[in-house]
2 protein chains.
Amino acid sequence: MKKGGFTLPGEAGYEKLTLELCEKWGADCIRDSDGTQLSDEILKSGVPIYSTICMVRNINGWAKENPDKLQRCFLSTDPKMAVGGTLEIVPLEKFFRPQMTIWRGDDAKKLWQVWDRTEETLLDADTWEWDAERECVTIKNTHPYHFYTVSFMASRVWEEISMYNHITNGWGDREHLMAVEPRYPEVQEALLSYLDDWCRSHPATRVVRFTSMFYNFTWIWGADERHRSLYTDWGSYDFAVCPPALDAFEKEYGYALTAEDFINMDRHNPVHNPPTKHYRDWMEFTGKFVREFGKKCIDLVHSYGKLAYMFYDDTWVGTEPWSGHFGEFGFDGLIKCVFNAFEARLCAGVEDVETHELRLHPYLFPTGLKGEPTFAPGGHPERDARRFWACVRRALLRVKIDRIGLGGYLSLTEPFPEFQDEVARIADEFRTLRDLHENEAPWSTGIHVAALHSWGHLRTWNTSGHMHEHPELPLNHIYEALAGQPFEVRAISFDEVIANGVPEDVDVIISAGREGDAWSGGEIWNSPVLTAKINEFVARGGGIIGVGEPSAVRGHGRHFRLADIFGVDREVGLTICCEKYNCEVKPHFITKCLADGTHVSFHNHTSGVYALSGAPDIILTDEATGDIIMSANEFFGGRAVYMSGFTYSPENARLLYRALLYASHRESLACEYMPSSPYIECSYFPKTRQLIVMNNADAAIESVISTPQGEITVSLPAEGFEILNI
Amino acid sequence: MKKGGFTLPGEAGYEKLTLELCEKWGADCIRDSDGTQLSDEILKSGVPIYSTICMVRNINGWAKENPDKLQRCFLSTDPKMAVGGTLEIVPLEKFFRPQMTIWRGDDAKKLWQVWDRTEETLLDADTWEWDAERECVTIKNTHPYHFYTVSFMASRVWEEISMYNHITNGWGDREHLMAVEPRYPEVQEALLSYLDDWCRSHPATRVVRFTSMFYNFTWIWGADERHRSLYTDWGSYDFAVCPPALDAFEKEYGYALTAEDFINMDRHNPVHNPPTKHYRDWMEFTGKFVREFGKKCIDLVHSYGKLAYMFYDDTWVGTEPWSGHFGEFGFDGLIKCVFNAFEARLCAGVEDVETHELRLHPYLFPTGLKGEPTFAPGGHPERDARRFWACVRRALLRVKIDRIGLGGYLSLTEPFPEFQDEVARIADEFRTLRDLHENEAPWSTGIHVAALHSWGHLRTWNTSGHMHEHPELPLNHIYEALAGQPFEVRAISFDEVIANGVPEDVDVIISAGREGDAWSGGEIWNSPVLTAKINEFVARGGGIIGVGEPSAVRGHGRHFRLADIFGVDREVGLTICCEKYNCEVKPHFITKCLADGTHVSFHNHTSGVYALSGAPDIILTDEATGDIIMSANEFFGGRAVYMSGFTYSPENARLLYRALLYASHRESLACEYMPSSPYIECSYFPKTRQLIVMNNADAAIESVISTPQGEITVSLPAEGFEILNI
């Protein structure tokens, strides 16, 4: 057994267990967790210590004394209809008051906006009044039967992770932690002073793990228990708003942001919608600040001879590792909590950090995400660990990860010796995979695939958060399928294509989204330059895969602007008198991998897609409705594949693999390192002539692998893993 | 048995049968059909004769000599991409050449348009050339990778009904009939002269039935056998286009229509899309012409002492009976071919004509619409007749129809004596129902219901054509449900509401459509005046029922502009980070009629509808997805009901009935003339104290009817009918 590359959560009171498992799992690092403190015995064991820290909520005494230095955000009321002449609106009515209070600082009212939402007009400030005592806005001379909203700035008086843990675990009168606003010099001073003290008082700590940088993901809670969570998005930058930031923004960008830039008709600015220019500017501005002040913190950590890692999960604001600027922080490591392979790729692909670490599931908690037992009676944590690992390790066929680790309470594993054994096995398997990547990259098809969407590079290998949060998004599933496959994957933005066309080395574009969203693109498809550039790319031999509603926008003859490339379009009810081509389903290269009678379905199927006259090869249709599920089309020199949706499964991943070979005119590669079973995936390391084979299924599988060296038959147990020398 | 009110299709060679069935069915009129000629024996039988005529295709000799006087239309090619500098486009490529040729009249090219569809820009006429010999347009200096189309004027050289019958029946070298363009004075002269001759040579004819007026519904055929029908719409006015009409239009309206007004990015202008101002003007202009020249024809018929009826099915152009101008024709009768009850209401509700006649199904043809046997081995025409009649007669509970009749070949009924008996029974039942309406109107809830859509009055009791053509449209099904129910139904347009608000006497509005279509309204919902007027109507006590995507338009905070009234909105992918209210399904007045465990489903269900925070009573949800299927909401003084779709069934019709009672605050009416079974419907005539009860099911049903006079138990056989004196 090899050692290293493993972070163990230590637990005081269980020193023996901690050190035993440290040995068993080959751990080279012991970490504390939220709520655990490491004992002296562990601290002095000689194993390097790794400590978590979340600065902005860790100076709560200071925060209480400085309530005007808390973090804030803009909020809007629900629309309320006027009937008579005046209308009263209580700004906080729908919000969870333990989280939000009205910010009453100087000039606060200047930031407020009152809107007539029926007309979408902003009211003059002299047409409404704020009664601070009653916490109520009165709008005078309203237009009867119009709806009005009030946008205002709130102070967030309970940091959201503290709030969530407190309420979920019933912590009673335990202190509410508050997040301070680092835009204020006084706050920066307090934070740096805290960090300095902390570093000095934790001599045993080798690695300081920042749980987040400064700003939490946006999470707005409601007053109604049946509607506790009103808005959640990992990628919204709403919680970094405060007057000094807005002032600095105006100075730097030459224009002022207003409440409506954030409120956006109460839709806010989720990652999943095409961003406005203003919001992009805000993200850039905020990112710059987070990196600048973040670097000061990290420099301080370094000055104590410690390493600084970032845990990339609770907050993306300004810390997004694919921003192109992540290196400016100076972090030594990046840790990603993973359920899926695409998250492992997200972590592994960040070039400007040395150490890439995955936090595996299950966490050492009594129950899992949905309340199901894990380390509790009825739980089978060893099975959970094996399933999670089988999902994630696909990515490790393709790329190197440096470390793995666990989180939670180690003592919970005591009654589960099978789990302890399973983790030892996983740790070993991980180290084997890691070492393979040391000296060479695995064989690849060499096919360059670009996910095309509003965000480009910034949102490579992810949309926002984990798969289970938005399982309806086909792009999440596309990323998941690609994560274990031998393609060179990147993401490009519409703006890049408009400016420079599709990059020369891209073989296949993938566009996967729903009409109007950031992944499909929305109104940017009104750009004739964009459509012409894509037309050109495909006509000149490029490949394109469209999923769901690629290039959809209203107001043109076709619903999909690229309908003629795909040979299909979607009926959204405006061309029902245009009768549809009576198309035929034909066998196709892409589906040759399917056993006869295999039923292909996507949970996020887009209804109503039909073939244009005579155009495409129809590969699969929905028998009940006739809707197209998959089609392929030759367009001048290039090829297009359309799929009505995409959800990850081994079978669907294989279809995508073959669709990419087809779209790039590389069908011959279907014989290279291709297992007959879609549950089997492999990776070939040419220098050492090692073929890594894994079984992703939870049942034993026998499969034939086509390789240039001939056919190889493998037989693997459930979730099995093997290295063949060929 | 009573006599009269029945039109029998006579058949030469079967004189005995004709006269026998004339007696058996109580017919007072014998008609000819397409392809049949009545013999002298029938003509001289003393039974009034009723002859069909379709003028525009009946002067084919003259048409052949005057190919420049045929009817025309604008067509557009499919978009074609340019690669190099020039692009060749063959205008007729995708069209069925036996139907369409290029019109080469003087100045034809002035009407043509060449579009860059990537930019949506019109090309200057000097950038393209027409090669008449090769029938090809060459566009010079194209923008590479842009798509281009050519719009042009085609001559229609085969009248569509002639073409369809000819091809369907394999008529070989039988003459192709052509439709002449009555805008030309020479054509008018030829038609009037033909009609004059015809009247003179048909002395036995008592009723001249015009099969259509002048212009067929729009039906464009394709070259590809797998795509024979490219575009069909009963309500499109595209086939009335010709240069003299365009010239006259420009003089009258002060602006010129161009090809694009008709082509509309190759979507044309289907009834189902919100009409443009230009197209409305065109419809008004064309309608006026059709009525003016139509009146000349009808006057001529009258001058021979004959009556003139119109068969309202093959064409709507200018003849729409709910235009408010139908009386200007001077028709004596209106005949409607019916499958459904709403079509019977469409016919019965036309006030400016004396006689209202229904053409029942099945037609006396060997096979039905879908090719299934009717009057052929395996067919059960008596069952078909009973089912069709049971569908249609619901309307006759509410309104008076004067006549019914059949079409087709009478001889086919000979081997089906049960059919002959069934028709005798139907004819008698019809006459009984008709007579009930002679002296009084039946009891009504008195609730005034207005269907709100783009067309208003013009499209009362119909969208376009028969139910089976667009079964996906919820409004068709709403009309069908209402057709047999005791409500006062009308249709109002958005424009009327914008101008004058909802009429004072309307109790409940129904809006049933899909985002962007004419029934939902599309971009008109950007009007704050419209939304405020509806807000006002409901706030002041009005009711509203929204089906599918009522008031949907993009670009606002809510997808439904009336979301706050309904208490629900639809997730179209742009607010996925706004988490949804965790609503509860509650029992409700509307669904009290359902037996426990009844499953309600609409085939045209709209997915993704969710409850706004705390707002509505949720009545039904989709168990698999959590989507709302039905909800109710109190909004100030009024009430709103939302349904995710609506398809007609007796159960769903009953839900709509109760939804209307709820929305109008008239729940107490649920005890008045309300059968316990939704398959039973009834109508009460107060003066004679007769309660008409019908069983719409094809099985015997026992049911209790609540009436103010007490509960009445009825037991009816399948499709049974009974009159109770109470």
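Look a little higher up for the structure.
An account of the accompanying structure is given in this report. Fair warning: this is a prediction, and the values are worked out from it, not measured in the lab.

Each value, and the rule that gives it
- Residues numbered from 1 in each chain as written.
- Chains lettered and ligands numbered in written order.
- Predicted model: local features only at pLDDT ≥ 70, side-chain atom pairs only at ≥ 80, totals over all residues.
- Heavy atoms only, no water.
- Helix = DSSP H or I, 4+ residues; strand = E, 2+ residues; numbered from the N terminus.
- Rg over C-alpha atoms; globule rule 2.2 N^0.38 Å.
- Contact = heavy atoms within 4.5 Å.
- Areas by Shrake-Rupley, 256 points an atom, 1.4 Å probe, with all protein chains shown as cover.
- Lys, Arg positive; Asp, Glu negative; His and termini not counted.
- Charge placed at Lys NZ, Arg CZ, Asp CG, Glu CD.
- Buried < 20%, exposed > 50% of the residue type's maximum accessible area, 1.4 Å probe, protein only.
- Pairing = 2+ DSSP bridges.
- Phe/Tyr/Trp six-rings, centres within 6.5 Å; stacked < 30°, edge-to-face > 60°.
- Lys NZ or Arg CZ within 6 Å of the ring centre and 35° of its normal.
- Salt bridge = Lys/Arg side-chain N within 4 Å of Asp/Glu carboxyl O.
- Polar contact = N/O pair within 3.5 Å; in protein donor to acceptor, adjacent residues only side chain to side chain.
- Least-squares fit on C-alpha atoms with pLDDT ≥ 70 in both.
- Buried area = accessible area lost by both parts, 1.4 Å probe.
- Arc of directions from axis to C-beta.
- Axes fitted to C-alpha atoms, helices over the stretch in contact; angles between N-to-C directions.
- Parallel < 35°, antiparallel > 145°, perpendicular 65-115°, else oblique.
- Nonpolar A, V, L, I, M, F, W, Y, C, P; charged D, E, K, R; others polar.

### Digging into the overall build of chain A
So, point 1. Regarding its fold elements, chain A presents 17 helices and 34 strands.
So, point 2. For 726 residues, the compact-globule estimate of 2.2 N^0.38 gives 27 Å, and the C-alpha radius of gyration of chain A, at 27 Å, lies within 12% of that figure.
So, point 3. Its C-alpha atoms give chain A principal-axis dimensions of about 80 × 75 × 45 Å.
So, point 4. Of the contacts made within chain A by residues no fewer than 6 positions apart, 72% connect residues no fewer than 24 positions apart.
So, point 5. Approximately 26,100 Å² of chain A is accessible, and the part contributed by carbon and sulfur atoms is 50%.
So, point 6. Counting 69 positive and 105 negative side-chain charges, chain A places the averaged centre of each group 2 Å from the other.

### As for the pairing of strand 13 (residues 205-210) of chain A
Where a strand is regular, its side chains alternate between the two sheet faces.
Residue and element names in this part refer to chain A.
So, point 1. The buried fraction of strand 13 is high, at five of six residues.
So, point 2. In this structure, strand 3 (residues 49-53) lies alongside strand 13, joined through five bridges in parallel fashion. From the neighbouring strand, Ile-53 faces strand 13, where its bridge partner is Phe-210.
So, point 3. Alignment of strand 13 against strand 16 (residues 307-311), held across four bridges, turns out to be parallel. Bridge pairing in strand 16 places Phe-210 opposite Met-310.

### Quick notes on the packing of aromatic side chains
So, point 1. Scanning the model with the defined rule gives 86 aromatic pairs over all chains in all.
So, point 2. Look at Phe-635 of chain A and Phe-636 of chain A: their rings are 4.9 Å apart centre to centre, the planes differ by 75 degrees, and that puts the pair in the edge-to-face class.
So, point 3. On the basis of relative accessibility, which here comes to 6%, the residue Phe-635 of chain A falls in the buried class.
So, point 4. A connected cluster of aromatic rings, assembled from ring pairs, spans Phe-74, Phe-249, Tyr-253, Tyr-255, Phe-262, Tyr-279, Trp-282 and Phe-285 of chain A.
So, point 5. Above the plane of the ring of Tyr-184 of chain B lies Lys-69 of chain B, whose end atom (NZ or CZ) is 5.0 Å from the centre.
So, point 6. The residue whose ring lies beneath Arg-183 of chain B is Phe-289 of chain B, and the NZ or CZ to ring-centre distance is 4.0 Å.

### As for the pattern of salt bridges
So, point 1. All told, the structure shown has 103 salt bridges over all chains when counted by the stated rule.
So, point 2. A salt bridge links Arg-639 of chain A to Glu-634 of chain A, with the nearest nitrogen and oxygen atoms 3.1 Å apart.
So, point 3. For Arg-639 of chain A, a relative accessible area of 12% translates into the label buried.
So, point 4. Glu-634 of chain A gets classed as partly exposed once you look at its relative accessible area, which sits at 44%.
So, point 5. As a salt-bridge pair, Lys-400 of chain B and Glu-438 of chain B come within 3.2 Å of each other at their nearest N and O atoms. Residue Lys-400 of chain B is located in the loop between helix 11 (381-393) and strand 19 (403-405), and its partner Glu-438 of chain B is located in the loop between helix 12 (417-436) and strand 20 (448-453); the two are separated by 38 residues in the primary sequence.
So, point 6. Residue classification places Glu-438 of chain B among the partly exposed positions, given a relative accessible area of 44%.

### Details of the side chain of Ser-683 of chain A
Residues and elements named next belong to chain A.
So, point 1. Here Ser-683 lies in strand 30 (residues 680-685).
So, point 2. Ser-683 sits in the buried class, given a relative accessible area of 2%.
So, point 3. Only 2.8 Å separates the side chain of Ser-683 from the backbone oxygen of Leu-397, close enough to count as a polar contact.
So, point 4. With residues near it in sequence (within four places) discarded, Ser-683 still touches Leu-397, Arg-398, Pro-442, Gln-690, Leu-691 and Ile-692.

### Things to note about the relation of the copies chain A and chain B
So, point 1. Superposing chain A onto chain B takes a rotation of 180 degrees plus a shift of 0.1 Å along the axis, which leaves an RMSD of 0.1 Å. Interpreted geometrically, this transformation is the action of a two-fold axis. No C-alpha of chain A lies nearer the rotation axis than that of Arg-554 of chain A, which sits 4.9 Å from it.

### Focus on the interface of chain A and chain B
So, point 1. Across the contact, 65 residues belong to chain A and 64 residues belong to chain B.
So, point 2. Contact between chain A and chain B buries roughly 5,500 Å² in total, counting both sides, with carbon and sulfur atoms accounting for 53%.
So, point 3. When the area that chain A buries against chain B is broken down by residue, the three leading residues are Arg-226, Arg-267 and Cys-577 of chain A, summing to 14%.
So, point 4. Seen at the junction of chain A and chain B, the total is three salt bridges.
So, point 5. Counting across the interface, chain A meets chain B through 32 residue pairs in polar contact (both at pLDDT 80 or more).
So, point 6. Among the secondary structure elements, those contributing two or more residues to the side of chain A that touches chain B are strand 15 (229-233) and helix 15 (528-539) of chain A.

### What to know about helix 7 (residues 243-253) of chain A
All names here are of chain A.
So, point 1. Considered for burial, the residues of helix 7 that qualify are Pro-243, Ala-245, Leu-246 and Phe-249. Seen from one end, helix 7 has its buried residues packed into an arc of 160 degrees, which puts them on one side.
So, point 2. Residues of helix 7 that are buried in the fold lie against strand 4 (72-76), helix 4 (108-111), strand 12 (147-156), helix 8 (259-263) and helix 9 (277-303).
So, point 3. Looking one or two places after helix 7, you find Gly-254, whose phi comes out positive at around 80 degrees.

### Observations regarding the packing of helix 7 (residues 243-253) of chain B against helix 9 (residues 277-303) of chain B
Residue and element names in this part refer to chain B.
So, point 1. Remark: helix 7 packs on helix 9, axes separated minimally by 11 Å, with the N-to-C direction vectors making an angle of 110 degrees. Taken together, the axes of helix 7 and helix 9 are roughly perpendicular relative to one another. Residues Ala-245, Leu-246, Ala-248, Phe-249, Glu-252 and Tyr-253 of helix 7 lie in contact with helix 9, whose contacting residues are Asp-281, Trp-282, Glu-284, Phe-285 and Lys-288.
So, point 2. Classifying every residue of the contact of helix 7 with helix 9 by side-chain character gives seven nonpolar, no polar and four charged.

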